[in-house]
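# Topology and contacts: notes
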Amino acid sequence: MRTAPRASTPRRYLMCPPTYFRVTYSINPWMDPGKPVDLRLALAQWEELRDRYRALGHTVEELTPRPDLPDMVYAANGATVVDGRVLGARFAHPERWAEAGVHREWFRAHGYTDVREPEHINEGEGDFAVTASWLLAGRGFRSSPLSHPEAQEYFGRPVIGLDLVDPRYYHLDTALSVLDGDEDDVMYYPGAFSPGSRQVLRRLFPDALIATEQDAAALGLNAVCDGRHVLLPQAAVGLFEPLRQRGYEPIGMDLGELLKGGGSVKCCTQELR
C-alpha cells in the first residue's frame, strides 16, 4: 500500500451557490420538507467549500442559480465532461428537468463546442464516475441503463454498469468515490450495490478502500479528490486514517445544511475535464 504523500493536480470545477436552496419536496430518502433549511448557514458552508478549492490551487466557475430550481446547488448532476466533451443530463424527476438546459447553455456560452443533449435519463456525475480505465455508471434509482451505451458511444470509453440497491444511495456518487484516477484507485460501500456489482467492483478494484456502513451513512463517499487532497464530509471519521495510510490528505467539510437535500461535497462539484 502506498504511504508516501501524493501530488495534487490543478482542477477546474463548476459549482452553483445555494441562493435559492430549500427542501419543499422529497425525491430521495434524505429530503424531508418538514425540516427547515437554514439558508444563511447553507450558503456559508458552500462558500467554505468553494474557497477551500481555490486555496488548494483549483479554479472554480460559478453557475447562476435560478429561483425556481432549488436543487441547482447540486451542480455535479448537470453534465459529465470528459476531454472537453459534454454529455448533458436528462433528469428523472420533473422538479429538476429544467436544470439540464441551464447547464447546456452555460457550456455553450463558455466555449464548449461539443455539447450533447442525451436521449436517455442520466444525472451527470451523480451516476457517472471517471477513472483512467473506465466510466463507471450507476443505475437502479435515477439513471436509465440505456444511458450507459449512449455515454460509451459518445466518450469512446468502456462503461461499467453498476446496480444500486439501497435507496439511501440513489446516485453512484453517494456510494463510490474516485480517488486517484490515474491508478484506478477508488473507495466504495459494498452494501449499496447488488451482489453481482460487488463482484465486479472487487475484480476491477481489488485494492479499493472499503467504507463502513457508518461512514457511508454520513455520505462520506460523496467526496472529491484532486490526486492528493480528499474533501469529504467531516462526520465520516472512519475514512480519515485509511486515506492517510494511502498517502492522501483528508479534509473534513461541514455541509450539514446541504445534506438535507441528499448531497454533500461531490454533489456540489462538477469537474470540468
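Please refer to the structure placed before this passage.
About the thresholds
- Residues numbered from 1 in each chain as written.
- Predicted model: local features only at pLDDT ≥ 70, side-chain atom pairs only at ≥ 80, totals over all residues.
- Heavy atoms only, no water.
- Core = buried A, V, L, I, M, F, W, Y, C linked by side-chain atoms within 4.5 Å.
- Buried < 20%, exposed > 50% of the residue type's maximum accessible area, 1.4 Å probe, protein only.
- Helix = DSSP H or I, 4+ residues; strand = E, 2+ residues; numbered from the N terminus.
- Contact = heavy atoms within 4.5 Å.
- Pairing = 2+ DSSP bridges.
- Phe/Tyr/Trp six-rings, centres within 6.5 Å; stacked < 30°, edge-to-face > 60°.
- Lys NZ or Arg CZ within 6 Å of the ring centre and 35° of its normal.

## Considering the nonpolar core
Formed by 35 residues in total, the largest nonpolar core has its most connected members in Leu136, Leu176, Met187, Phe193, Val230 and Leu243. For this core, the element with the highest residue contribution is strand S10 (residues 186–188), accounting for three residues. Ignoring sequence-local partners within four residues, the contact set of Leu136 consists of Asp127, Phe128, Ala129, Thr131, Ile160, Leu162, Leu172, Leu176 and Phe205.

## Points about the pairing of strand S3 (residues 79–82)
Along any regular strand, the residues point their side chains to alternate faces of the sheet. What you see with S3 is no split at all: Ala79 and Val81 on one side and Thr80 and Val82 on the other are buried throughout. Where S3 lies against strand S4 (residues 85–88), four bridges are found, and the strand directions are antiparallel. If you follow Thr80 over to S4, its bridge partner there is Leu87. The hairpin formed by S3 and S4 contains two residues between the paired strands, and Asp83 there has a positive phi angle of roughly 55 degrees.

## Points about the packing of aromatic side chains
Enumeration over the complete set of coordinates arrives at nine aromatic pairs. Ring centres of Trp106 and Tyr112 lie 6.4 Å apart, and the angle between their planes is 40 degrees; on these two criteria the pair is classed as tilted. In this structure Trp106 comes out as buried when scored by relative accessible area, which is 8%. Centroid distance Tyr169 to Tyr189: 5.6 Å. Interplanar angle 65 degrees. Geometry classified as edge-to-face. Placement of the pair is Tyr169 in the loop between strand S8 (159–163) and strand S9 (176–178) and Tyr189 in the loop between S10 and helix H4 (195–204), with a sequence separation of 20 residues. Cluster of aromatic residues (ring-pair linked, three or more members): Trp106, Phe107 and Tyr112. The lysine or arginine in question, Arg85, covers the ring of Tyr154, its NZ or CZ lying 4.2 Å from the ring centre.

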